[in-house]
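Spelled out from the first residue to the last, the chains are:
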Amino acid sequence: MAAVADMKIRVLIVDDDALVRAGLSMILGGAGDIEVAGEAADGDQVPKMVAEHRPDVVLMDIRMPRVDGLAATEALRSTANPPEVVVLTTFHADAQVLRALRSGAAGFLLKDIPPAELVAAIRKVAAGEPMLSPAVTRQLISHVSDGAAGGRRERARSLLTRLSEREKEVAVAVGRGRSNAEIGAELYMSVATVKAHVSRILTKLGLNNRVQIALLVHDSES
């Protein structure tokens, strides 16, 4: 789901801390192009709130008492035309953050992020732009102990064989954090062609977004 160019970006805030919700709502409410569509105190409220308010972006806390942000993200991203999900966390490199990204979250934000950076991040995600830098992606993968790393590597390499050579080049560029314009310049193709390749990659590999493409590329190289 993406915000229409001439409409406000609708955001749903999900956090069990009322003060955090109030702070985020105040920050986002001050941006002229962003509207806080609703607030939820737990992950079990997300399906109803999303159906009712149709947000473009969901700010999702990880740790909540009944249904945590991981389960809520996985359930939400498995539905048709889901909103983008951005995970809220107090940790830079955390196994739960990585799991949320593998489940389809578009990125993560630290709860102490400066207001201007929060607003900018929401705008990027709503526009479908990559939010995680390659350095952050590598940090997450390298700092999180994962007993299934070998299996992930083989699975990633197997999935990438489904792509044409050109699609593989685009996937690797996405893994390096390149924008569509940068990929187009590097590979001598139009931005529209890059977008078409990215769409085909997502479809062929059964992925949700560019972050998952980047994770898959990093898994294959680990």
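Above this text is the structure in question.
These numbers were taken from a predicted model, which means no experiment stands behind them.

In this model, the largest pocket occupies a volume close to 480 Å³. Taken together, 20 residues form the lining of the largest pocket, with E84, G128, L202, N209 and R210 sitting closest to its centre. If you list the elements that add at least two residues to the lining of the largest pocket, you get α10 (191–205) and α11 (210–221). Among the elements that make up the lining of the largest pocket, the one with the highest residue count is α10 (4 residues). Taken together, the residues that form the lining of the largest pocket break down as 9 nonpolar, 6 polar and 5 charged. Its boundaries defined by the atoms lining it, the second largest pocket holds a volume of some 240 Å³.

The strands making up a sheet are joined through hydrogen bonds of the backbone, oriented either antiparallel or parallel. Spatially, 5 strands are ordered β2-β1-β3-β4-β5 in an open sheet, and the strand pairing comes out parallel. Only two strands of the sheet have a single neighbouring strand rather than two, namely β2 (34–40) and β5 (107–110). The sheet shows a mean angle of 25 degrees between the axes of neighbouring strands, direction not considered. One ladder, built from 6 bridges, connects strand β1 (residues 9–14) with β2; its direction is parallel. Bridged to V11 within β2 is V36. Lying over the sheet, helix α3 (residues 69–77) contacts β3 (57–61) and β4 (84–89), oriented at roughly 155 degrees with respect to β3.

Calculation notes
- Residues numbered from 1 in each chain as written.
- Predicted model: local features only at pLDDT ≥ 70, side-chain atom pairs only at ≥ 80, totals over all residues.
- Heavy atoms only, no water.
- 1 Å grid on protein atoms, 1.4 Å probe; cavity = no way out; pocket = protein on both sides within 12 Å on 5 of 7 lines; lining within 4 Å.
- Points joined across faces, edges and corners; volume = space filled by probe spheres on them.
- Helix = DSSP H or I, 4+ residues; strand = E, 2+ residues; numbered from the N terminus.
- Nonpolar A, V, L, I, M, F, W, Y, C, P; charged D, E, K, R; others polar.
- Pairing = 2+ DSSP bridges.
- Axes fitted to C-alpha atoms, helices over the stretch in contact; angles between N-to-C directions.
- Contact = heavy atoms within 4.5 Å.

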